[in-house]
Amino acid sequence: MRVLGSLLLAVSVAVGCRAQTPAPAEPPPAAQSLAPAEPLRGQVAAFDQEGAVVYTDGPASADGTGRFYMGREIAQVMSHRGAAWLERPDRQREERPDDLVRALGLAPDAVVTDLGAGTGYFTFRLAPLVPRGRVYAVDIQPEMLRILEDRAEAEGIRNVAPVLGSETAPGLRPQSADLTLIVDAYHEFSHPREMLEAVYQSTRPGGRLALVEYRAEDPDVPIKPLHKMTEAQAVREAEAAGWRFVENPDVLPQQHLLIFERPAE
């Protein structure tokens with residue numbers, strides 16, 4: 001079985017199951033409009049229909065795209081050629097991924113989205129925790145999903161569903177997930193506002209978003225600046241898409257574990 005589709009059309013393919021048809025995302029009812037702002041010198045602004053600045057474009061810095069959102073330059077995306085780095089042996093010691101997934105407190109029947117799943121490093125840690133649930137492993141690179149899919153098939157893991165997403169949406173049905181986990185990927189999203197709004201729509205009321213990013217407040221964290229985020233910046237961006245900030249538990253050595261909630265209706 002191979003993942004088919006276009007990067008502009010999100011197609012969900014479950015291992016051993018039929019594909020699901022994604023529904024178009026709508027703006028979350030709680031979303032906040034971004035206040036109009038002047039672009040920085042040398043940047044060109046892009047506005048939404050209400051006249052608010054969404055993105056600005058300007059000269060790119062090292063490892064950057066030259067595209068800015070709420071004052072933050074969006075980082076370049078790591079391609080599938082960097083897959084080996086995702087599976088590096090030191091990652092367990094450096095990031096303590098098992099502590100991360102335990103901290104999520106998942107119910108056995110939870111439906112979880114691993115957004116920016118890559119090779120499935122977290123997907124296959126989440127799957128055993130939801131034996132009566134499902135893990136949607138979402139990525140926009142078919143090459144990453146093929147690596148993940150081959151492993152799921154080889155190991156007989158039946159509650160993992162690879163999903164080919166787009167740059168603006170995960171490609172899941174409305175209110176279909178209990179939690180979305182985004183690990184070290186959000187800072188690379190080319191359309192962060194649209195993506196967080198789409199994730200909001202795919203989350204059940206009362207469901208959660210877990211955003212994991214290296215701590216930009218800590219100069220000792222050995223990660224390039226554009227691949228780190230401050231808590232304040234992440235909270236600001238998530239709240240602009242309607243999410244409610246819940247907590248940032250101190251469980252990881254180098255990263256924030258920022259928990260947000262879609263308010264119950």
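In what follows, the structure referred to is the one given above.
Starting from 1, residues in each chain are numbered consecutively following that chain's sequence as written. Where local features are concerned, this predicted model is filtered to residues with pLDDT of at least 70; where side-chain atom pairs are given and counted, the filter is 80 or more; whole-chain, interface and lining totals use all residues. With hydrogens and water set aside, each side-chain value is computed from the structure's full complement of heavy atoms.

A. Structural context of the overall build of the chain. Numbering of helices and strands starts at the N terminus; helices are DSSP runs of H or I of at least 4 residues and strands are runs of E of at least 2. Regarding its fold elements, the chain presents seven helices and 13 strands. Per-residue accessibility, obtained with a 1.4 Å probe over protein chains only, is compared with the maximum for each type, and a residue is labelled buried under 20%, exposed over 50%, and partly exposed between these values. Within the chain, the proportion of its 265 residues that are buried is 52%. Any two residues whose heavy atoms approach within 4.5 Å at even a single point are treated as in contact. Residue pairs at least 24 apart in sequence account for 67% of intrachain contacts in the chain once pairs closer than 6 positions are excluded. For the chain, the accessible surface area stands at approximately 12200 Å², while carbon and sulfur atoms represent 53% of it. Every accessible area reported is derived by Shrake-Rupley at a probe size of 1.4 Å, with residue values counting cover from the shown protein chains alone.

B. Spatial organisation of the environment of Arg208. Within the secondary structure, Arg208 is located in strand β10 (residues 203–215). As a C-alpha pair, Arg208 and Leu181 span 27 residues in sequence and 8.7 Å in three-dimensional space. Sequence-distant contacts of Arg208, that is, excluding residues within four places in its chain, are made with Leu104, Gly105, Leu106, Asp178, Leu179, Thr180, Thr203, Trp243, Ile259, Phe260 and Glu261.

C. Spotlight on unusual backbone geometry. At Gln175, a residue that is not glycine, the phi angle is positive and equals roughly 50 degrees. Note that Gln175 resides in the loop between β8 (160–164) and β9 (177–183). On the basis of relative accessibility, which here comes to 37%, the residue Gln175 falls in the partly exposed class. At Asp184, a position not held by glycine, the phi torsion is positive, near 50 degrees. Examined against the element boundaries, Asp184 turns out to sit in the loop between β9 and α6 (192–202). Owing to a relative accessible area of 15%, Asp184 belongs among the buried residues under this scheme.

D. Spatial organisation of the environment of Ala238. Along the chain, Ala238 falls in helix α7 (residues 231–240). Here Ala238 falls in the buried class, since its relative accessible area comes to 1%. On a C-alpha basis, the gap between Ala238 and Pro192 in space is 9.0 Å, while along the polypeptide they are 46 residues apart. Leaving out residues up to four positions away in the same chain, Ala238 has contacts with Leu196, Trp243 and Phe260.

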